[in-house]
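Observations on chain architecture
Now for the letters of each chain:
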Amino acid sequence: MTIRVVVADDQELVRSGFAMILQAQPDIEVVAEAGDGAEAVEAVRRYAPDVVLLDIRMPRVDGIEAARTVCAESDCKVVMLTTFDQDDYVYEALHAGASGFLLKDVRRDDLVHAVRVVVAGDSLLAPSVARRLVADFTRRAVAVPAAGPAEELGALTARERETLVLLGRGLSNAEIAAELVVSEHTVKTHVSNVLSKLGLRDRIQAVICAYETGLIARGG
């Protein structure tokens, strides 16, 4: 299967560089480039790509607003690319529906890997961004009284709730398997059930859900 990608960045050299890296892969086709968020949204509507790479800071329509529109209108996966790793940008981008968040100094192989990972239905954050995100959610949970858990959480089994808590703490499938003393295959099943029952797009939204429902605050 060929992965169709749109690359959006207001800096032509950066945009072209990302496009060249991806286009060189046998399983990836860059179907369009865009210089701002508005052009990116139009390109997604026109070409129906599997993934769109969005710079956060762009003229007219920024990457976060473009991500909201893309995620609301299509199943296209969004990977944010930026030189900034401030908490607010990460939080807003992921809330908009982004499945990945990478810094622009990402290595060539990691950029390609990110595209393949999000198409496979997983999420991906640069390690430094992941640490900041979890720390940011922790601060928010302490600073703001936790809301009661969403009614949907009642649909989860006890083991699925445990899985959601561990997802919220940023653990990988292997780490969750070790914590619960089960196989990684079993963990994948639990994660899939959690996402399906709660209507979540990916693991990143599961992290958001765990904190915003107060599950982490109560569950530790």
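Residues numbered from 1 in each chain as written. Predicted model: local features only at pLDDT ≥ 70, side-chain atom pairs only at ≥ 80, totals over all residues. Heavy atoms only, no water.

Observations regarding the pairing of strand β4 (residues 77-82)
With six of its six residues buried, β4 lies for the most part within the structure. Burial along β4 is two-sided: the face carrying K77, V79 and L81 and the face carrying V78, M80 and T82 are both buried. When strand β3 (residues 51-55) meets β4, the two strands line up parallel, connected through five bridges. Bridge pairing in β4 links D55 to L81. (Buried < 20%, exposed > 50% of the residue type's maximum accessible area, 1.4 Å probe, protein only. Helix = DSSP H or I, 4+ residues; strand = E, 2+ residues; numbered from the N terminus. Pairing = 2+ DSSP bridges.)

Notes on unusual backbone geometry
The backbone of A48 shows a phi angle near 50°, a positive value even though the residue is not glycine. As for its position among the elements, A48 is in the loop between α2 (37-47) and β3.

Observations regarding the pairing of strand β5 (residues 100-103)
Successive side chains on a regular strand alternate, one facing one side of the sheet and the next facing the other. Of the two faces of β5, the one lined by G100 and L102 and the one lined by F101 and L103 are each fully buried. The sheet contact formed by β4 and β5 spans four bridges and is parallel. What sits directly across from T82, in β5, is L103.

Some thoughts on the nonpolar core
One finds V52, L54, V70, V78, M80 and F101 to be the most contacted residues of the largest nonpolar core, which totals 30 residues. Secondary-structure elements contributing two or more residues to this core are β1 (3-8), β2 (28-34), α2, β3, α3 (63-73), β4, α4 (87-95) and α10 (203-212). Residue contributions to this core peak at five residues, all from α3. The residues contacting V52, other than those within four sequence positions of it, are V6, V44, V70, C76, K77, V78 and V79. (Core = buried A, V, L, I, M, F, W, Y, C linked by side-chain atoms within 4.5 Å. Contact = heavy atoms within 4.5 Å.)

A look at α10
Among the ten residues in α10, nine count as buried, and that is most of the element. Those residues of α10 that sit buried are R203, I204, Q205, A206, V207, I208, C209, A210 and Y211. Phi for G214, located one or two positions after α10, is positive at around 85°.

With respect to the packing of helix α8 (residues 173-180) against helix α9 (residues 184-198)
It is at 9 Å that the axes of α8 and α9 come closest, and there the two elements cross at 105°. The pairing of α8 with α9 is recorded here as roughly perpendicular in orientation. Contacts between α8 and α9 involve N173, A174, I176 and A177 on the former and, on the latter, E184, V187, K188 and V191. The residue inventory of the contact of α8 with α9, partitioned by class, reads five nonpolar, one polar and two charged. (Axes fitted to C-alpha atoms, helices over the stretch in contact; angles between N-to-C directions. Parallel < 35°, antiparallel > 145°, perpendicular 65-115°, else oblique. Nonpolar A, V, L, I, M, F, W, Y, C, P; charged D, E, K, R; others polar.)

Any link to function would need more than the numbers given here.
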